[in-house]
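A structural walkthrough
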Amino acid sequence: MDHIHILLVTFPGQGLINPSLQFAKRLVRMGIKVTFVTSFSALNSMTKTIPTPEGLTIAGFSDGYNVEPVGHERGHFMAELRRLGSKAITELIIDSADKGQPFSRVVYTTLVPWVGEVARKLHFPSTFLWVQPAMILDIYYFYFNGYGDAIRNNRKDLSWSIELPGLPRLSIIDLPSFVIPSDAANISLLLQKQHIEILAEEKNPTVLINSFDALEPEALRAVEKFNMVAIGPLVPSAFLDEKEPSDTSFGGDIFENSSGCIEWLNSKEGGSVVYVAFGSICLLSQQQMEEIAHGLQESHRPFLWVIRATTSGEKEVDKLSCKEELEQLGMIVPWCSQVEVLSHPSLGCFVSHCGWNSSLESLVSGVPVVAFPLWSDQGTNAKLIKDVWQTGVRVTANKEGLVEGEEIKRCIEIVMGGGDRAEEMRRNARKWRDLARVAAKEGGSSDTNLKNFLNEV
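Residues numbered from 1 in each chain as written. Predicted model: local features only at pLDDT ≥ 70, side-chain atom pairs only at ≥ 80, totals over all residues. Heavy atoms only, no water.

1. Focus: the overall build of the protein
Operational definition: Secondary structure elements follow DSSP: runs of H or I of four or more residues count as helices, runs of E of two or more count as strands, with numbering from the N terminus. The buried label applies to any residue whose accessible area, calculated with a 1.4 Å probe on protein chains only, is under 20% of its type's maximum; exposed applies above 50%, and partly exposed to all values in between. Contacts are residue-level and defined by heavy atoms, with any inter-residue pair within 4.5 Å sufficient.
Of the regular secondary structure elements, the protein holds 15 helices and 15 strands. Among the 457 residues that make up the protein, the fraction classed as buried is 56%. Within the protein, counting contacts between residues at least 6 apart in sequence, those at least 24 apart form 67% of the total.

Below, the structure is given as structure tokens:
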């Protein structure tokens, strides 16, 4: 396979860059050359150079911004990313061919459907890499193919539910937030529609999925027109194969060092620590932060809480009314290496927003979850965690949409307590951890699926 050269294009957001880099690294280990491309706004935000093994080239293009924008600028950013990115990828494909070093295929991630359009215009082979669960892609497909009206018409009825082909019954809170119409979601929903339309123009298109066969057997087959190929979990191989401890620095940990967290965790008893993190872009209200702080205090358990600084550099942790009391009980940090923390023996549970990367990392580490979904795919991932894999519980918000401290404490106690339910969650977490590792190792389902795909390339 050493003659294959993949052009891998990813959206410039950390949540997509991390699994894409893990995918690139897996290809390189199989002897395949990869050129990994994203915009400079993402590459510039990384605090140190990405370690690049032989066979991997990192390239960037301008999207008109130096860093990823927020708020009202986002629509303009997406338009510029499409305009400038389309031009850059077109030139990259043509130039490489002119130099006698053509790419074999372009693989592109969620949120950059224009890469698929560029490939079609150039009559160049392309493959879509979906970095969320198969179930989310299924839901978007069915939303745009016959079920959208039913979902839109019932979006305010929390007691309503729907059964989509091949999927468990889903309530409104189990669906991706982008199918519940709001102005903020329009761009994202339009991009998902474009992805579905591009795939629909191909006959039985292959879609690479960041999941594994045992995890989503029905969802991977729910859309008959797509050939969904599970190649995940796309996490650092050190956490799938304990023989490769040196692998922790590539992809997941390219932003900072978290040695202080690990030293602190080393001082705690096995299974005693509550880890709290809400991903790279989720922002919580001050009131919600206070409720989380209250819940952690009342649970009286050691905790590690990641509270990121805002884009202005302001520290949210300094606004907490009970900061001093909290810091006597736990540790609050602006960043840590999540996969390292989750795989630490002192971890007892993960209070998570349930982004897909975090959900897979908890699964691979065998850590039960208190699911605290906020938007996007997170409600669906929380449904999988609670009801399908049965590795956690889900918080319930009050009528104002606030998750109260008492509710957070209650959920932590269910997961960390010594009862039958807690033991069942821990047992299920260990089961999925073992199945994930089997899928990823040589000869496992994801390894075999990826090799079969590459043989077709």
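2. What to know about the nonpolar core
Inclusion rule: Throughout, nonpolar core names a set of buried Ala, Val, Leu, Ile, Met, Phe, Trp, Tyr and Cys residues whose side chains join them through atoms within 4.5 Å. Note that the domain bounds reflect an automated or database-derived domain assignment.
Core analysis: the largest hydrophobic core is formed by 119 residues, its most contacted members being Phe-23, Val-34, Leu-129, Tyr-275 and Leu-304. It is helix H5 (residues 134-153) that provides the largest number of residues to this core, a total of ten residues. Counting the residues that make up this core, at least three belong to each of domain 1 (5-247 + 441-456) and domain 2 (261-436). Apart from residues no more than four positions distant in its own chain, Val-34 is found in contact with His-5, Ile-6, Leu-8, Ala-24, Leu-27, Val-28, Gly-55, Leu-56 and Thr-57.

3. Structural notes on a nonpolar patch on the surface
Note the threshold: Like charges are joined within 9 Å and nonpolar side chains (Val, Leu, Ile, Met, Phe, Trp, Tyr) within 5 Å, but only among residues with over 30% relative accessible area and no salt bridge; these make up the patches. The method behind every accessible area is Shrake-Rupley, applied with a 1.4 Å probe, and residues are considered shielded solely by the protein chains displayed. Every case where a carboxyl oxygen of Asp or Glu lies within 4 Å of a side-chain nitrogen of Lys or Arg is listed as a salt bridge.
On the surface, Ile-281, Leu-374 and Trp-375 cluster together to form a nonpolar patch covering roughly 280 Å² of accessible area. With a relative accessible area of 55%, Ile-281 lands in the exposed category.

4. Digging into the packing of aromatic side chains
Selection criterion: Between the rings of Phe, Tyr and Trp (Trp by its six-membered ring), a pair exists once the centres lie within 6.5 Å; its type follows the angle of the planes, with under 30 degrees stacked, over 60 edge-to-face, and the other angles tilted.
The full count for this structure, using the stated rule, is 13 aromatic pairs. Geometrically, the ring pair formed by Trp-130 and Tyr-140 is edge-to-face, given 6.3 Å between the ring centres and 80° between the ring planes. Of this pair, Trp-130 sits in strand E5 (residues 126-130) while Tyr-140 sits in helix H5, placing them ten residues apart in sequence. Residue classification places Trp-130 among the buried positions, given a relative accessible area of 0%. Residue class for Tyr-140 comes out buried when judged on its relative accessible area of 1%. Where Tyr-141 meets Phe-226, the ring centres are 5.3 Å apart and the plane angle is 70°; that geometry is what we call edge-to-face. With Tyr-141 in helix H5 and Phe-226 in the loop between strand E8 (206-209) and strand E9 (227-230), this pair connects stretches of sequence that are 85 residues apart.

5. Notes on the sheet that holds E5
What counts, and what does not: When DSSP finds two or more bridges between two strands, those strands count as paired. Lines are fitted to the C-alpha atoms to define the axes, a helix being fitted only along its stretch in contact, and any angle between axes, read from their N-to-C directions, falls within 0 to 180 degrees.
With respect to topology, seven strands assemble into an open sheet ordered E3-E2-E1-E4-E5-E8-E9, the strand pairing being parallel. Whereas interior strands pair on both sides, the edge strands pair on one side only; in this sheet they are strand E3 (56-61) and E9. Sheet twist, expressed as the mean angle between neighbouring strand axes with direction ignored, is 25°. Here three bridges tie E5 to E8, and the two strands are oriented parallel to one another. Across the sheet, residue Leu-129 finds its bridge partner in E8, namely Leu-208.

6. Focus: the state of the cysteines
For the record, the criterion: By definition, disulfides here are pairs of cysteine sulfur atoms that lie within 2.5 Å.
Applying the stated criterion across every chain yields a total of zero disulfides. There is no disulfide at Cys-411, and the cysteine sulfur nearest it, in Cys-349, is 9.6 Å away. A relative accessible area of 0% means that Cys-411 is categorised as buried.

7. Side note on unusual backbone geometry
Residue Gly-232 is joined to Pro-233 through a cis peptide bond whose omega torsion reads 0°. Mapped onto the elements of the fold, Pro-233 is located in the loop between E9 and helix H7 (259-266). A positive phi angle, close to 80°, is found at Leu-111, a residue other than glycine. Residue position: Leu-111 is located in the loop between strand E4 (105-109) and helix H4 (114-121). For Leu-111, a relative accessible area of 16% puts it in the buried group.

8. Quick word on the sheet that holds strand E10 (residues 273-277)
Pairing within the open sheet is parallel, and its six strands lie in the order E12-E11-E10-E13-E14-E15. Sheet topology places strand E12 (331-333) and strand E15 (392-394) at the edges, where each strand pairs with a single neighbour. Each strand axis lies, on average, 15° off the axis of its neighbour in the sheet, ignoring direction. Bridge count between E10 and strand E13 (residues 347-352): five bridges; the pairing is parallel. Considered in E13, the bridge of Val-276 is made with Val-351.

9. A closer look at helix H12 (residues 378-388)
A large share of H12 lies buried, amounting to eight of its eleven residues. Within H12 the residues assigned to the buried category are Gln-378, Gly-379, Thr-380, Asn-381, Ala-382, Lys-383, Leu-384 and Ile-385. Remark: Gln-390 follows H12 within two positions and exhibits a positive phi of approximately 55°.

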